[in-house]
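The lines below spell out each chain.
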Amino acid sequence: MPNSALRFHVMALLFDMDFKGPTDSLVFRHLDGRLFTEKEQAIVRGATAEELQAAGAHVHNPEVGAEADAAALKLAELLFKYVIPHRKVLVPFMTHEDMLEYGWLETIVAAGANTKN
């Protein structure tokens, strides 16, 4: 793997790392205060300079977070237009609770879409 590739599992940990936590500790913490496991500690210590820089930009630049939020919304909208016509394919993968919630949400979205026409 090239050095410039950002590894998803490393970035996920870095984005969930409390950079504002106690500086006197050598143990990293999640944003919710939980200590990183030994495996997570090792992953973070093995982060490349590019990964640390990308995480630093995300943590110190609110626009990056806003851009990520906007991208997540656009991704959800994109997937949604494929999910509705092919929802029967998804049902076998859903838990009963997820199917109930999906049906409830689908009804709300469909009702809102019908009022806009």
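This text goes with the structure placed above it.
Predicted model, so just to flag it, every value in this text is computed and none were measured.

Novice: Sorry, what's going on with the overall build of the protein chain here?
Specialist: For the protein chain, the helix and strand inventory stands at six helices and zero strands. In sequence order, the secondary structure elements of the protein chain are arranged as α-α-α-α-α-α. Each of the 117 residues in the protein chain was classed as buried or not, and the buried ones make up 15%. Carbon together with sulfur atoms contributes 64% to the accessible area of the protein chain, which is approximately 9,200 Å² in total.

Novice: Could you clarify how one ought to interpret helix H1 (residues 8-15) in this entry?
Specialist: The α-helix winds at 3.6 residues per turn, so residues separated by three or four positions along the chain end up facing the same way. When H1 is considered as a whole, its buried residues turn out to be Val 10, Met 11, Leu 13 and Leu 14. Mapping the buried residues of H1 onto a view down its axis gives an arc of 160 degrees, with all of them on the same face.

Novice: Explain the pattern of salt bridges here, please?
Specialist: Close approach of charged atoms lets side chains of opposite charge pair. If you walk through the whole model with that rule in mind, you get two salt bridges. In this structure, Glu 51 and Arg 7 form a salt bridge, with 2.8 Å as the shortest nitrogen-oxygen distance. Within this pair, whereas Glu 51 is found in helix H3 (residues 49-60), its partner Arg 7 is found in the segment before H1, the two being separated by 44 residues in sequence. The exposure class of Glu 51 is buried, given its relative accessible area of 0%. The residue Arg 34 makes a salt bridge to Asp 32 at a minimum N-O spacing of 2.8 Å. With a relative accessible area of 54%, Asp 32 lands in the exposed category.

Novice: When you look at the nonpolar core in this model, what are you seeing that I'm missing?
Specialist: Soluble, globular proteins show a tendency: their nonpolar side chains are buried together. Val 10, Met 11, Leu 13, Leu 14, Met 17, Phe 36, Val 44, Ala 47 and Ala 55 together form the largest nonpolar core, which totals nine residues. No other element matches H1, which puts four residues into this core. The contact partners of Ala 47, leaving out residues within four places of it in the chain, are Arg 7, Val 10, Leu 14 and Leu 52.

Novice: What is the right way to read the environment of Met 94 from this model?
Specialist: Its place among the elements puts Met 94 in the loop between helix H5 (87-90) and helix H6 (96-116). The contact partners of Met 94, leaving out residues within four places of it in the chain, are Met 99 and Tyr 102.

Novice: What should I look at first to understand the environment of Ala 12 in this one?
Specialist: Secondary-structure assignment places Ala 12 in helix H1. Sequence spacing of Ala 12 and Ala 55 is 43 residues, and the spatial spacing of their C-alpha atoms is 9.1 Å.

Novice: It is not clear to me how the side chain of His 30 should be interpreted in this structure. Could you clarify?
Specialist: Turning to its location among the elements, His 30 is positioned in the loop between H1 and helix H2 (38-45). The exposure class of His 30 is buried, given its relative accessible area of 3%. In this structure the side chain of His 30 is engaged in a polar contact, spanning 2.5 Å, whose partner is the side chain of Asp 16. Among all residues touching His 30, those that are not within four sequence positions of it are Leu 13, Asp 16, Asp 18, Leu 35, Phe 36 and Glu 40.

Calculation criteria
Residues numbered from 1 in each chain as written. Predicted model: local features only at pLDDT ≥ 70, side-chain atom pairs only at ≥ 80, totals over all residues. Heavy atoms only, no water. Helix = DSSP H or I, 4+ residues; strand = E, 2+ residues; numbered from the N terminus. Buried < 20%, exposed > 50% of the residue type's maximum accessible area, 1.4 Å probe, protein only. Areas by Shrake-Rupley, 256 points an atom, 1.4 Å probe, with all protein chains shown as cover. Arc of directions from axis to C-beta. Salt bridge = Lys/Arg side-chain N within 4 Å of Asp/Glu carboxyl O. Core = buried A, V, L, I, M, F, W, Y, C linked by side-chain atoms within 4.5 Å. Contact = heavy atoms within 4.5 Å. Polar contact = N/O pair within 3.5 Å; in protein donor to acceptor, adjacent residues only side chain to side chain.

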